[in-house]
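Residue strings, one per chain:
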Amino acid sequence: MQQYSAVPELAHTTPPPIHWVATATALAGVVALSSVLQPNSATAAQTPIADPGPKATAATTPPDAAKADYPLDCGPTVKLLVRMKASGDLDGDGHPETVAVVRCDASMGTPPDGVYVLTQAAGSATPRVVATLVDPKERLTVTKFAVRDGAVLASTLGYSSPDVPSCCPDVKNKAEWRWNGTTGAFVRSTPAGSSTV
């Protein structure tokens, strides 16, 4: 028995020669057009990143505590000593400040400490003191110190009265300072834990 296809024979299954000439002409036209419309050649070179320069570096580098001019008079023969320092962004502007614990490096006794906040303007070579958190006139000695989460934390030894000898501080305190943008100043709080020695 002979089977017949249900689909009629397609006309292009036996193309005439003119069909091949038309196909070759169309293909040649596509090739010619693609050679004219080429995309720009690719390069492997990377676009250079602009150098941030010294101003940007100064803005992201914490101020150097050793280069600051502190409001502390140690006299002509005694040097200033930076005992401790820590850095962090205290005012939330994206630029770090440095907090330094400083005293006169006397050969005898224990001179009181000063705690100062330093900042440095972009392009400036010298940091400047913008706040005094502990004045040496308070007769305090800083025993522990840190900058953490935008706050300055310190533990100090001090005196309950002017009659207490300098050799023997009798009060332990803890203090925390945070920048207050509304008042434009550091605000001190005293966490629990202050006691008499």
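Quick note: structure is the one above.
All values reported here derive from a predicted model rather than from experimental measurement.

## Concerning the state of the cysteines
Turning to step 1, where the next piece is worked out: Using the criterion set out here, one finds two disulfides in the structure.
Turning to step 2, where the next piece is worked out: Note that Cys 74 is cross-linked by a disulfide to Cys 104, the S-S spacing being 2.0 Å. Measuring handedness by torsion sign, the sulfur bridge of Cys 74 and Cys 104 sits at about -90° and is left-handed. Linking Cys 74 in the loop between helix 2 (53-60) and strand 1 (80-88) with Cys 104 in strand 2 (residues 97-104), this pair joins segments that are 30 residues apart in sequence.
Turning to step 3, where the next piece is worked out: By relative accessible area, Cys 74 is classed as buried at 15%.
Turning to step 4, where the next piece is worked out: Given a relative accessible area of 14%, Cys 104 falls into the buried group.
Turning to step 5, where the next piece is worked out: Here the chain pairs its bonded cysteines, counted in sequence order, in the arrangement 1-2, 3-4.

## Here we look at the environment of Ser 161
Turning to step 1, where the next piece is worked out: Structurally, the position occupied by Ser 161 is in the loop between strand 6 (151-158) and strand 7 (171-180).
Turning to step 2, where the next piece is worked out: Distance in space between the C-alpha atoms of Ser 161 and Val 171 is 9.7 Å, their sequence separation being ten residues.

## With respect to the pairing of strand 6
Turning to step 1, where the next piece is worked out: Burial of strand 6 is extensive: six of the eight residues sit out of reach of the surface.
Turning to step 2, where the next piece is worked out: With seven bridges connecting them, strand 5 (residues 141-148) and strand 6 associate as antiparallel partners. Directly across from Thr 141, in strand 6, lies its bridge partner Leu 157.
Turning to step 3, where the next piece is worked out: The hairpin formed by strand 5 and strand 6 contains two residues between the paired strands, and Asp 149 there has a positive phi angle of roughly 50°.
Turning to step 4, where the next piece is worked out: Direction of pairing for strand 6 relative to strand 7: antiparallel, over a ladder of eight bridges.

What counts and how
Residues numbered from 1 in each chain as written. Predicted model: local features only at pLDDT ≥ 70, side-chain atom pairs only at ≥ 80, totals over all residues. Heavy atoms only, no water. Disulfide = S-S within 2.5 Å. Helix = DSSP H or I, 4+ residues; strand = E, 2+ residues; numbered from the N terminus. Buried < 20%, exposed > 50% of the residue type's maximum accessible area, 1.4 Å probe, protein only. Pairing = 2+ DSSP bridges.

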